[in-house]
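Observations on the model geometry
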Amino acid sequence: MWGGRFAEGPAAVMREINASIPFDKRLWQQDIRASKAHVAMLAEQGIVKAEDAARIAQGLDTIAAEYEANGVPVDLALEDIHMATEARLAELIGPTAGRLHTARSRNDQVATDFRLWVRDAIDAVELGLIELQKALVTRAEEHADAVMPGFTHLQSAQPVTLGHHLMAWYEMIRRDRDRFADARRRLNECPLGAAALAGTGFPIDRHATASALDFAKPTDNSLDSVSDRDFALDYLMAASQCSLHLSRMSEEIIIWASQPFGFVALPDQWSTGSSIMPQKRNPDAVELVRGHAGRITGCLNALMMTMKGLPLAYSKDMQDDKPPVFEAHDLLALSIAAMTGMTQSVTFRTDRMRALAESGFATATDLADWLVREAGLPFREAHHVTGRAVKLAEEKGLALAALPLADLQAINPAINDSVFSVLTVDASVASRMSHGGTAPAQVRARIADAKTLLGIS
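My aim in this report is to walk through the structure given alongside it, one point at a time. (Residues numbered from 1 in each chain as written. Predicted model: local features only at pLDDT ≥ 70, side-chain atom pairs only at ≥ 80, totals over all residues. Heavy atoms only, no water.)

**A short note on the packing of helix 6 (residues 106–142) against helix 12 (residues 322–345)**
The condition that has to hold: Think of each axis as a best-fit line through the C-alpha atoms, taken over the contacting stretch in the case of a helix, with angles from 0 to 180 degrees between the N-to-C directions. We count a stretch as a helix when DSSP gives it H or I for four or more residues in a row; a strand needs E for two or more, and each element gets its number in order from the N terminus. Relative orientations are named as follows: roughly parallel for angles under 35 degrees, roughly antiparallel for angles over 145 degrees, roughly perpendicular for angles from 65 to 115 degrees, and oblique for any other angle. By convention the crossing between two helices is left-handed if the near helix lies anticlockwise of the far one by an angle smaller than a right angle, and right-handed if it lies clockwise. Under this grouping Gly is polar, as are all residues other than the nonpolar Ala, Val, Leu, Ile, Met, Phe, Trp, Tyr, Cys and Pro and the charged Asp, Glu, Lys and Arg.
One can describe the packing of helix 6 onto helix 12 by two numbers: an axis separation of 9 Å at closest approach and a directional angle of 15°. As the angle between them shows, helix 6 and helix 12 are arranged roughly parallel. Two packed elements cross with a definite hand, and for helix 6 against helix 12 that hand is left-handed. Classifying every residue of the contact of helix 6 with helix 12 by side-chain character gives 16 nonpolar, 6 polar and 3 charged.

If you want it as structure tokens, here you go:
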């Protein structure tokens, strides 16, 4: 394709290091689509004859059908998906195929194809995340009243509801969807027509090709158009943050599935056994989701290091932009699917959750708040009084609610028997009625909001 300048062909190692067809063949659908939009514009502008454009479009449809049926053949001599498609087009329709590349370069061609692919990837991730959110909302609604310990530092802190905890996961995913949507908005400009780096002297209509490919507009600077990979980095940044959230969710399920916690029973279809210990039920699915986060963030780092020192415009280093994006996308899609399946089918042992919520002095803050409201103590003094009550309960092996009133009054005589109305875990969670709080009524209100946004009844 570019041999006119060279007397000899490339060395075998050069062919191998130079070729991207083994991985960029994944762009074939986007390459066909962009090529058809380009040749249609060339015909509309009178740059190529209408009959030539029609033959080219028909040939591209034939190639698309071949790729769909048999995959893209890998020929290192043809370097990439763009040359592979053009070479096959020439076999099908002859020299007319050469007119397709008028007023474009592989530089703007690959930039366009890759943007189209990333845009499609974001749309696929969006669908997956919506399904995960639906699963979280469904399970949260089932357990809006189920009491469990809330933790800070992985120490029992205050009682919350399981529904509230699951809706916290929902909020993580909501932000992830926002990040992907923002990345999609920014990438939605079309580089096609920027050519190699300087634009073209042909009277092309870049707005027409942008519109045909559903971009919001053409890019505004030809140098930036072919050298920009921010859209790929944006995707990887959003994917990395999403993978960190999935990893945190996975870690909690892993902890909850351990025997000391016993908060969940793992479903058969999302766990494995041991080759030597027959009693084991291992949370391998979520452990792999946790592990994938490291690989996905590694993909982000890899592309950042590739791009960090490149001068304008295009450099061959940028050929390495696609493998990390492809890898991260595949891993993220698997992670989302696995977490959705786990969420839908895991069994929550709410009896165990309640028992531990009742055993860890989780209502201590409720005692302190009561002392402020009912006895008029400053919060810092109430905190001190409550600390003494917790210490006494610990020494006696009792829950706070089980301490005799006389013992509490010995610590502070302002305490009366109405204090016991706030020391149960149910009273504690019911009192947290501030917006976004763990009170079942608040949890159900947030679930209703989420169901409206997700379009579920």
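Next, the rest of the story.
**Regarding the pairing of strand 1 (residues 147–152)**
Operational definition: Strands are labelled as partners when DSSP assigns at least two bridges between them.
By the bridge criterion, 6 bridges tie strand 1 to strand 2 (residues 155–161) in an arrangement that is antiparallel. Paired with Met148 across the bridge in strand 2 is Val160. Connecting strand 1 to the antiparallel partner strand 2 that follows it, the hairpin turn spans 2 residues, and His153 within it adopts a positive phi of roughly 60°.

**Some words on the nonpolar core**
How we decide: Among buried residues, the Ala, Val, Leu, Ile, Met, Phe, Trp, Tyr and Cys ones that are joined through side-chain atoms within 4.5 Å form a nonpolar core. With a 1.4 Å probe rolled over the protein chains alone, any residue whose accessible area is under 20% of its type maximum counts as buried; one over 50% counts as exposed, and the rest are partly exposed. Residue contacts are counted whenever heavy atoms from the two residues lie within 4.5 Å of one another.
Membership of the largest hydrophobic core comes to 94 residues, with the highest contact counts inside it found for Phe180, Tyr235, Leu246, Trp256 and Leu332. Looking at this core element by element, the count peaks at 15 residues for helix 10 (residues 230–257). Sequence-distant contacts of Trp256, defined by excluding residues within four places in its chain, comprise Met148, Leu162, His165, Trp169, Phe261, Gly262, Phe263, Val264 and Phe348. Within the second largest apolar cluster, 20 residues are counted, among which are Leu367, Val385, Val390 and Ala393.

**Description of helix 4 (residues 50–70)**
An α-helix turns once per 3.6 residues; consequently, residues spaced three or four apart project the same way. What counts is decided by this rule: By definition here, a helix of n residues has an expected span of 1.5 Å times n minus one. Directions from the helix axis toward the C-beta atoms define the arc.
Here helix 4 spans 30 Å end to end across 21 residues, near enough to the 30 Å set by a 1.5 Å rise per residue. Along helix 4, the residues classified as buried are Asp52, Ala53, Ile56, Gly59, Leu60, Ile63, Ala64 and Tyr67. All buried residues of helix 4 fall inside an arc of 150° around its axis, so they share one side. Looking at helix 4, the residues exposed on the side facing more than 90 degrees away from the buried face are Ala50, Gln58, Glu68 and Ala69. On its buried side, helix 4 packs onto helix 3 (28–44) and helix 5 (81–93). The first or second residue beyond helix 4 is Gly71, which carries a positive phi of 80°.

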